[in-house]
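Residue strings, one per chain:
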Amino acid sequence: MGAKATFFLFFTFFALCSSFPVERNYVPCKHLVLFFHDIIYNGRNALNATSVIVAAPQGANLTKLANLFHFGNLVVFDDPVTLDNNLQSEPVGRAQGFYIYDSKNTFSACLGFTFVLNSTHHEGTITLAGADPTLKKTRDISVTGGTGDFFMHRGIATIMTDAFEGEVYFRLRVEIKFYECW
Amino acid sequence: MGAKATFFLFFTFFALCSSFPVERNYVPCKHLVLFFHDIIYNGRNALNATSVIVAAPQGANLTKLANLFHFGNLVVFDDPVTLDNNLQSEPVGRAQGFYIYDSKNTFSACLGFTFVLNSTHHEGTITLAGADPTLKKTRDISVTGGTGDFFMHRGIATIMTDAFEGEVYFRLRVEIKFYECW
Amino acid sequence: MGAKATFFLFFTFFALCSSFPVERNYVPCKHLVLFFHDIIYNGRNALNATSVIVAAPQGANLTKLANLFHFGNLVVFDDPVTLDNNLQSEPVGRAQGFYIYDSKNTFSACLGFTFVLNSTHHEGTITLAGADPTLKKTRDISVTGGTGDFFMHRGIATIMTDAFEGEVYFRLRVEIKFYECW
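Sequence order as written defines the numbering, with residues in each chain counted from 1. Whichever chain is written first becomes A and whichever ligand is written first becomes 1, with later ones labelled in order. Local features in this predicted model are restricted to residues whose pLDDT is 70 or higher, and side-chain atom pairs enter the listing and the counts only when it is 80 or higher, whereas totals over whole chains, interfaces and linings include all residues. As a rule here, side-chain values come from all non-hydrogen atoms in the structure, and water together with hydrogens is ignored.

- Going by what an unreviewed UniProt entry lists, chain A is known as Dirigent protein and is assigned to Vigna angularis var. angularis.
- UniProt positions are given in the numbering used here, feature names are shortened, and annotations may be inferred rather than shown by experiment. UniProt annotates chain A under Function (unreviewed entry) with the comment "Dirigent proteins impart stereoselectivity on the phenoxy radical-coupling reaction, yielding optically active lignans from two molecules of coniferyl alcohol in the biosynthesis of lignans, flavonolignans, and alkaloids and thus plays a central role in plant secondary metabolism."

### Describing the overall build of chain A
- Scanning chain A from N- to C-terminus turns up one helix and nine strands.
- When the elements of chain A are put in sequence order from the N terminus, they spell out α-β-β-β-β-β-β-β-β-β.
- Three exposure classes are used, based on accessible area relative to the maximum for each residue type with a 1.4 Å probe and protein chains only: buried under 20%, partly exposed in between, and exposed over 50%. Across the 182 residues of chain A, 55% fall into the buried class.
- Long-range contacts, defined as pairs at least 24 residues apart, comprise 47% of the intrachain contacts of chain A with a sequence gap of at least 6.
- Method for areas: the Shrake-Rupley scheme with a 1.4 Å probe, in which residue coverage is limited to the protein chains shown. As displayed, chain A offers around 7,700 Å² of accessible surface, 57% of which is attributable to carbon and sulfur atoms. Per the convention used, a helix needs a DSSP run of H or I reaching at least four residues, while a strand needs a run of E reaching at least two, with both numbered from the N terminus. Here, two residues are considered to be in contact whenever any of their heavy atoms come within 4.5 Å of each other.

### Structural notes on the environment of Phe115(A)
Residues and elements named next belong to chain A.
- Looking at the element boundaries, Phe115 is found in strand S5 (residues 109-118).
- Considered as a pair, Phe115 and Thr125 are 10 residues apart in the sequence and their alpha carbons are 5.4 Å apart.
- When sequence neighbours within four positions are dropped, the list of residues in contact with Phe115 reads Leu34, Phe36, Val81, Arg94, Ala95, Gly124, Thr125, Ile126, Leu128, Val174 and Ile176.

### Details of the state of the cysteines
- Disulfides are defined as cysteine sulfur pairs within 2.5 Å. Counted under the stated rule, the structure contains three disulfides over all chains.
- At a sulfur-sulfur separation of 2.1 Å, the disulfide partner of Cys29(C) is Cys181(C). Across the disulfide from Cys29(C) to Cys181(C), rotation about the S-S bond amounts to roughly 95 degrees, and the bridge is consequently right-handed. One end of the pair, Cys29(C), is in the loop between helix H1 (3-18) and strand S1 (30-39); the other, Cys181(C), is in the segment after strand S9 (169-180), and 152 residues separate them in sequence.
- Judged by relative accessible area, Cys29(C) falls into the partly exposed class, the value being 38%.
- Not engaged in a disulfide, the cysteine Cys110(A) finds its nearest cysteine sulfur in Cys110(B); these two sulfurs lie 11 Å apart.
- The class of Cys110(B) is buried, set by a relative accessible area of 7%.

### Here's the deal with unusual backbone geometry
Residue and element names in this part refer to chain C.
- The backbone phi angle of Leu68 is positive, close to 55 degrees, even though this residue is not glycine.
- Tracing the backbone shows Leu68 in the loop between strand S2 (51-55) and strand S3 (74-82).
- Despite not being glycine, Met152 shows a phi value in the positive range, around 65 degrees.
- Position of Met152 among the secondary structure elements: in the loop between strand S7 (139-148) and strand S8 (154-165).
- The exposure class assigned to Met152 is buried, which follows from its relative accessible area of 1%.

### Points about the environment of Ser103(A)
- As for its position among the elements, Ser103(A) is in the loop between strand S4 (93-101) and S5.
- Classification of Ser103(A) by relative accessible area gives buried; the value is 2%.
- Here the alpha-carbon distance between Ser103(A) and Tyr169(A), two residues 66 residues apart in the chain, equals 21 Å.
- Dropping the residues within four chain positions of it, Ser103(A) is found in contact with Leu68(A), Phe69(A), Phe71(A), Ser108(A) and Asp78(B).

### Concerning the environment of Lys30(B)
All names here are of chain B.
- With respect to the helices and strands, Lys30 occurs in strand S1 (residues 30-39).
- Judged by its relative accessible area of 29%, Lys30 is partly exposed.
- It is 5.1 Å that separates the C-alpha atoms of Lys30 and Phe178, two residues lying 148 residues apart in sequence.
- Among residues more than four places away in sequence, those in contact with Lys30 are Asp149, Phe150, His153, Ile176, Lys177, Phe178 and Cys181.
- Polar side-chain contacts of Lys30 include one of 3.2 Å to the backbone oxygen of Asp149. Polar contact is defined as a pair of N or O atoms within 3.5 Å, subject to the rule that within protein one atom must be able to donate a hydrogen and the other to accept it, and that residues adjacent in sequence are counted only when both atoms are side-chain atoms.

### Describing the pattern of salt bridges
- Any Lys or Arg side-chain nitrogen located within 4 Å of an Asp or Glu carboxyl oxygen qualifies as a salt bridge. Taken as a whole and judged by the stated rule, the model has 18 salt bridges over all chains.
- Note that Glu180(B) is salt-bridged to Arg154(A), the shortest N-O span being 3.8 Å. Of this pair, Glu180(B) sits in strand S9 (residues 169-180) while Arg154(A) sits in strand S8 (residues 154-165), placing the two residues on different chains.
- Between Arg173(B) and Glu175(B) there is a salt bridge; the shortest N-O distance is 3.5 Å.
- Arg173(B) gets classed as partly exposed once you look at its relative accessible area, which sits at 23%.
- In this structure, a network of salt bridges that share partners links the residues Arg154(A), Glu180(A), Arg154(B), Glu180(B), Arg154(C) and Glu180(C).

### Considering the pairing of S9(C)
All names here are of chain C.
- Across the 12 residues of S9, 10 count as buried, placing the element largely inside the fold.
- By the bridge criterion, 11 bridges tie S8 to S9 in an arrangement that is antiparallel. Each bridged residue has a counterpart across the sheet, and for Ala163 the counterpart in S9 is Arg171.
- Each pair of strands is called paired provided DSSP finds at least two bridges between the two strands. Counting the residues between successive antiparallel strands, the hairpin from S8 to S9 contains three residues, one of them, Gly166, with a positive phi of roughly 55 degrees.

### Observations concerning the packing of aromatic side chains
- Working definition: rings of Phe, Tyr and Trp (its six-membered ring) pair if their centres are within 6.5 Å, and the pair is stacked with planes under 30 degrees apart, edge-to-face with planes over 60 apart, and tilted otherwise. Enumeration over the complete set of coordinates arrives at 48 aromatic pairs over all chains.
- With centroids separated by 6.1 Å and ring planes inclined at 25 degrees, the aromatic side chains of Tyr26(A) and Phe151(B) adopt a geometry described as stacked. Taken together, the residues Tyr26(A) in the loop between helix H1 (3-18) and strand S1 (30-39) and Phe151(B) in the loop between strand S7 (139-148) and strand S8 (154-165) connect one chain to another.
- With 5.0 Å between their ring centres and 75 degrees between their planes, Phe69(A) and Phe107(A) make a pair best called edge-to-face. Of this pair, Phe69(A) sits in the loop between strand S2 (51-55) and strand S3 (74-82) while Phe107(A) is found in the loop between S4 and S5, placing the two residues 38 residues apart along the sequence.
- Residue Phe69(A) is classed as partly exposed on the basis of its relative accessible area, which comes to 30%.
- Residue Phe107(A) is classed as partly exposed on the basis of its relative accessible area, which comes to 26%.
- In textbook terms, an aromatic cluster arises when at least three aromatic residues are bridged by ring pairs, as seen for Phe36(A), Phe77(A), Tyr99(A), Tyr101(A), Phe113(A), Phe115(A) and Phe170(A).

This is the structure we're talking about:
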């Protein structure tokens, strides 16, 4: 084995390494389960409400979700986030953003929000966006970015409706799997 | 060529490989052309309408896009998606989200939506966001995430207004080029 | 050192290279400081206004930000972007999008917008999303995508309120650090 052959190998390795595609890791590099609690303002619960209807289609009002699958309702929220399903548990942060009911034929919403976490466990934000067909048992949306402990993270969030009471309270369970962690 | 030299090379290769930057691939790893069809509710087309104005600037109403380049109109949509430009073609999914006309000087919108695909070809979601200066022939927006068949994907979507009728119907052609595919 | 040993090394290198995780670079690959200027329509400044309230909670109107930390106000903007803090400087583009005040207990907004840059320095778009607790000195949000000169970029944007006058004018300083540049 001469120097020539070894240097040939060197450049082969070099070429191979430099042209290698990005290695994808399908096992989450970080994993998180959060609950958030949404109490929609209905004109009588100003103290407890955590969200409010700010837009509605023609003929609807801002204290009751519209008929026809709430089509056209824009709801803004600032909901407490907990680590278990108990609204009274110590919050670890807030879920802040909006959902817009966007379908005339089923319950479905366009969702855009950020988890702002601030606890001994986590400090930072996680931004999410996607479609939320609320009647499905689980719905996947995209985690498009993060800051602080979640600097540059990306992943997938699986949303479940964990409980609801009438059209005023509902609780979501969100399981976040990060696949890019930095 | 002794063992010493070979091991020197080994560690050189090792160092080179580990410090290599991420390899970027400028050829799309996946490519998709979709059409979607938007029919804005005007007070008389409740059956056919696929979108609705839910917010407007002071003085405007919710059944007609506002004057002054529609500045301040928020439109929510749940539009059928087809593989060709025919509204009657078998839909392969829905485009769900919103656009907000955000300029006083030209037609321009802030766009946020998700393709929810559900056909024999594709099962999954693609989330997009960006600025849409609608008078330009083509507009590029960001594909910020995906789920299902489009798990963790990122890319660029090029939007063209393929057709429009008055201020009620318009059809967009969207060419999606994914550069991160997983 | 025989051929056998060298080929053993070859495959070792090969395996090592192919399983290397993505190399993360914590030094920004691109860096940008931009200012943008927001003048909210108040019913009397139609000529100068660059943004408009298009949704409000029950009882509030569209020419004045609502009480209770503006909770529920949706503002759409198309603001000039400059390289320094002077509103009169030559704009290098526009910041286009929306913010929604989403808290009853403090000033906080959900922010979604795109920088549309068009100058001798930069041509392209940068899309951002995140939570903006406006009373904090600096706030980090996610840069979720880009086009043109910012093709496929990702990063973090640090926002500072640089100045404000009453509830009508405010100026933001945005420092963008890209960590994925392509």
